[in-house]
Each structure stands twice: as C-alpha cells, then as structure tokens.
Amino acid sequence: MKLIKCIVRTDKLTETADALESLGVSGLTIMDVRGRGSTRTTALYRGRPYPAFLHMTAIDVVIDDDLVDDVIRVVLDRARTGVNGDGRVLIMDLENCYTIRTRQGGVA
C-alpha cells in the first residue's frame, strides 16, 4: 500500500478529486495548508516585508500499489497549470493500515 500526498492549488481541488473518484479512489483526506517552494515571495505589512506563503490544499489517499501510476497521472494532468506553485506529489510506502471500527489491518 502507498500513501500519496498531493499538494495542489485550492482552485484545482474539485477537478482533481473528481478525477480520482473516477479511478475508484473513494477515500480522501483534504487539508488546507500554506507553504512555499523555491520561489520566495514577500508581502508588506505596515511597510515591512515578511515572507508570503501560498494557500494550497493537501489531498491524502491510501491506495494499493497497482493504482499508483494511474493516480499520479491523473493528479499531474488535472492539477497542473504550468505556473510556479502548482504543487507536489509525494509517495510513501505504508507498512500497514488499520480500520478503527473493525480493528482490521491491511485494509485501505
């Protein structure tokens, strides 16, 4: 199993989530996040500069290994604008996963 964390522009959330659902990915965790990449931007507050962070959305999905390539393809297609700040896709191995209600392990 894999945990895929997708950090995307907030305005691309619905399009990306709908595309993931069409692949059969039903369980998503959505979080509002802020951050910055290699491009450093600043804003002014009372005449003083401070580092500005982009408002983004993180989508976490737990999937079987055989869906990884499809999920990556869909996210890269749907979340891309071609402008700095489009986001990242992070892939992590999961040793195990448990369902709290049933106490069953190994189920995504």
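Heads up: these notes are all about the structure in this document. These numbers come from a predicted model, not from an experiment.

**Quick notes on the sheet that holds strand 1 (residues 2-9)**
Now for step 1: Read from one edge of the open sheet, four strands run 2-5-1-6, paired in antiparallel fashion. Every other strand in the sheet has two partners, leaving strand 2 (29-35) and strand 6 (87-93) as the edge strands with one partner each. Recorded for the sheet is a direction-independent mean angle of 20 degrees between the axes of neighbouring strands.
Now for step 2: Bridge count for strand 2 against strand 5 (residues 54-63) is seven bridges, and the pairing is antiparallel. By the bridge assignment for strand 5, I30 is matched with I59.
Now for step 3: In the packing of helix 1 (residues 13-22) onto the sheet, the strands contacted are strand 1, strand 2 and strand 5, and the crossing angle to strand 5 comes to about 10 degrees.
Now for step 4: Sheet contacts for helix 2 (residues 68-79): strand 1, strand 5 and strand 6; angle to strand 1, the most-contacted strand, approximately 5 degrees.

**Side note on helix 1**
Now for step 1: Residues L13, T16, A17, A19 and L20 constitute the buried set of helix 1. Projected onto a plane normal to the axis of helix 1, the buried residues spread over an arc of 160 degrees and lie on a single side. Seen from the open side of helix 1, the exposed residues pointing more than 90 degrees away from its buried face are T14, E21 and S22.
Now for step 2: For helix 1, the elements touching its buried residues are strand 1, strand 2, strand 5 and helix 2.
Now for step 3: G24 sits one or two positions beyond helix 1 and adopts a positive phi of about 100 degrees.

**Thoughts on the pattern of salt bridges**
Now for step 1: Scanning the entire structure with this criterion turns up five salt bridges.
Now for step 2: A salt bridge links K5 to D60, with the nearest nitrogen and oxygen atoms 3.1 Å apart. Taken together, the positions of K5 in strand 1 and D60 in strand 5 put the pair 55 residues apart, joining distant regions of the chain.
Now for step 3: Judged by its relative accessible area of 21%, K5 is partly exposed.
Now for step 4: On the accessibility criterion, D60 (13% relative accessible area) is buried.

**Details of the nonpolar core**
Now for step 1: Grouped together as the largest cluster of nonpolar side chains are 16 residues, with contacts concentrated most on I4, L20, I59, V61, I63, V71 and V75.
Now for step 2: Sorting the residues of this core by element identifies strand 1, helix 1, strand 5 and helix 2 as the ones contributing at least two each.
Now for step 3: Among the elements that line this core, the one with the most residues is helix 2, at six residues.
Now for step 4: Ignoring sequence-local partners within four residues, the contact set of V61 consists of K2, L3, I4, L20, V25, G27, L28 and V71.

**What to know about the pairing of strand 4 (residues 48-52)**
Now for step 1: Bridging between strand 3 (residues 41-45) and strand 4 involves five bridges; their strand directions are antiparallel. If you follow T42 over to strand 4, its bridge partner there is P51.
Now for step 2: Counted between consecutive antiparallel strands, the loop separating strand 3 from strand 4 contains two residues, among which R46 sits at a positive phi close to 55 degrees.

What counts and how
- Residues numbered from 1 in each chain as written.
- Predicted model: local features only at pLDDT ≥ 70, side-chain atom pairs only at ≥ 80, totals over all residues.
- Heavy atoms only, no water.
- Pairing = 2+ DSSP bridges.
- Helix = DSSP H or I, 4+ residues; strand = E, 2+ residues; numbered from the N terminus.
- Axes fitted to C-alpha atoms, helices over the stretch in contact; angles between N-to-C directions.
- Contact = heavy atoms within 4.5 Å.
- Buried < 20%, exposed > 50% of the residue type's maximum accessible area, 1.4 Å probe, protein only.
- Arc of directions from axis to C-beta.
- Salt bridge = Lys/Arg side-chain N within 4 Å of Asp/Glu carboxyl O.
- Core = buried A, V, L, I, M, F, W, Y, C linked by side-chain atoms within 4.5 Å.

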